[in-house]
Amino acid sequence: MECPACGKSMVEKDFGGVQVDVCSKGCKGIWFDWQELVQLDENSEGAGNALEEALKSPRFKQEDRERLFCPKCGMAMHVHKYSSAKEVSVDECYGCGGFFLDSGEIKEIRDQYMSEEERDAYVDKLLADIPEFKELEEETKREKSKLRAPAGRKLVKFLRRDEFMLGT
Ligand SMILES: [Zn+2]
Ligand SMILES: [Zn+2]
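Source: prediction; values computed, not measured.

## Some points on the side chain of D33
Step number 1: Along the chain, the position of D33 falls in strand β3 (residues 30-33).
Step number 2: Engagement of the side chain of D33 in a polar contact is seen with the backbone nitrogen of Q35, the distance being 3.2 Å.
Step number 3: Looking at D33, its side chain comes within polar contact range of the main-chain nitrogen of E36, at 3.0 Å.
Step number 4: Leaving out residues up to four positions away in the same chain, D33 has contacts with K72, G97 and G98.

## Structural notes on the coordination of the zinc ion (ligand 1)
When a metal carries six donors in an octahedron, the ideal angles between them are 90 or 180 degrees, while four donors in a tetrahedron ideally lie at 109.5 degrees.
Step number 1: Coordination of the zinc ion (ligand 1) by the protein comes from C3 (SG), C6 (SG), C23 (SG) and C27 (SG), over a distance range of 2.2 to 2.4 Å.
Step number 2: What the four donor atoms of the zinc ion (ligand 1) show is an angle range of 95 to 119° at the metal, which sorts the shape as tetrahedral.
Step number 3: Read N to C, the donor residues that coordinate the zinc ion (ligand 1) are spaced as C-x2-C-x16-C-x3-C. Placement of C6 in the segment before β1 (11-15) and of C27 in the loop between β2 (18-22) and β3 is noted, with a sequence separation of 21 residues between them.

## Considerations on the coordination of the zinc ion (ligand 2)
Step number 1: Those protein atoms acting as donors to the zinc ion (ligand 2) are C70 (SG), C73 (SG), C93 (SG) and C96 (SG), and they sit at 2.3 Å.
Step number 2: Each of the four donor atoms around the zinc ion (ligand 2) contributes to a set of angles spanning 100 to 121°, which defines the coordination as tetrahedral.
Step number 3: When the donor residues of the zinc ion (ligand 2) are listed from N- to C-terminus, their spacing reads C-x2-C-x19-C-x2-C. Residue C70 is located in the loop between α2 (45-55) and β4 (78-82), and its partner C93 is located in strand β5 (residues 85-93); the two are separated by 23 residues in the primary sequence. Here C70 and C93 have matching classes, each one buried.

What counts, and at which threshold
Residues numbered from 1 in each chain as written. Chains lettered and ligands numbered in written order. Predicted model: local features only at pLDDT ≥ 70, side-chain atom pairs only at ≥ 80, totals over all residues. Heavy atoms only, no water. Helix = DSSP H or I, 4+ residues; strand = E, 2+ residues; numbered from the N terminus. Polar contact = N/O pair within 3.5 Å; in protein donor to acceptor, adjacent residues only side chain to side chain. Contact = heavy atoms within 4.5 Å. Donors = N, O, S within 2.8 Å, 3.2 Å for Na, K, Ca; no water. Tetrahedral: all angles 85-135°; square planar, octahedral: opposite > 155°, others 65-115°. Buried < 20%, exposed > 50% of the residue type's maximum accessible area, 1.4 Å probe, protein only.

Structure (structure tokens):
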């Protein structure tokens, strides 16, 4: 799969027992998808190692970057601002359920304090942000949310593992 940001080919990596694609030859961005995220066990040791590795990546993002297109299904991706951190944004493909994080964004997200309530509010915002989602029938919305909500929650929870002992 090609990196949506820089076009280099991405490498599959084990991230706490789930497969993610990492742009290790290029911009160091990380690709997650909903299916993988819901399976992520954020307490596993593997997740710890993967997170530690990701935190080492330097911050990289082109300021004037064009909208990204999903490397899997080609749909234009949506940008979600991360809470108060204006410069941090998560790109999501609503078509196939992929998330793209630029290199260093994991660290920036972790450096922002968020309470439990704020985290829930952020996930709700994540779900509501997508114009296509708003237009869906109530029932379809509920169906889609069944996978999207837990995936979003997992992602945020994983990124915010404050109890995480790095380097142990
Ligand atoms: Zn890249
Ligand atoms: Zn897609």
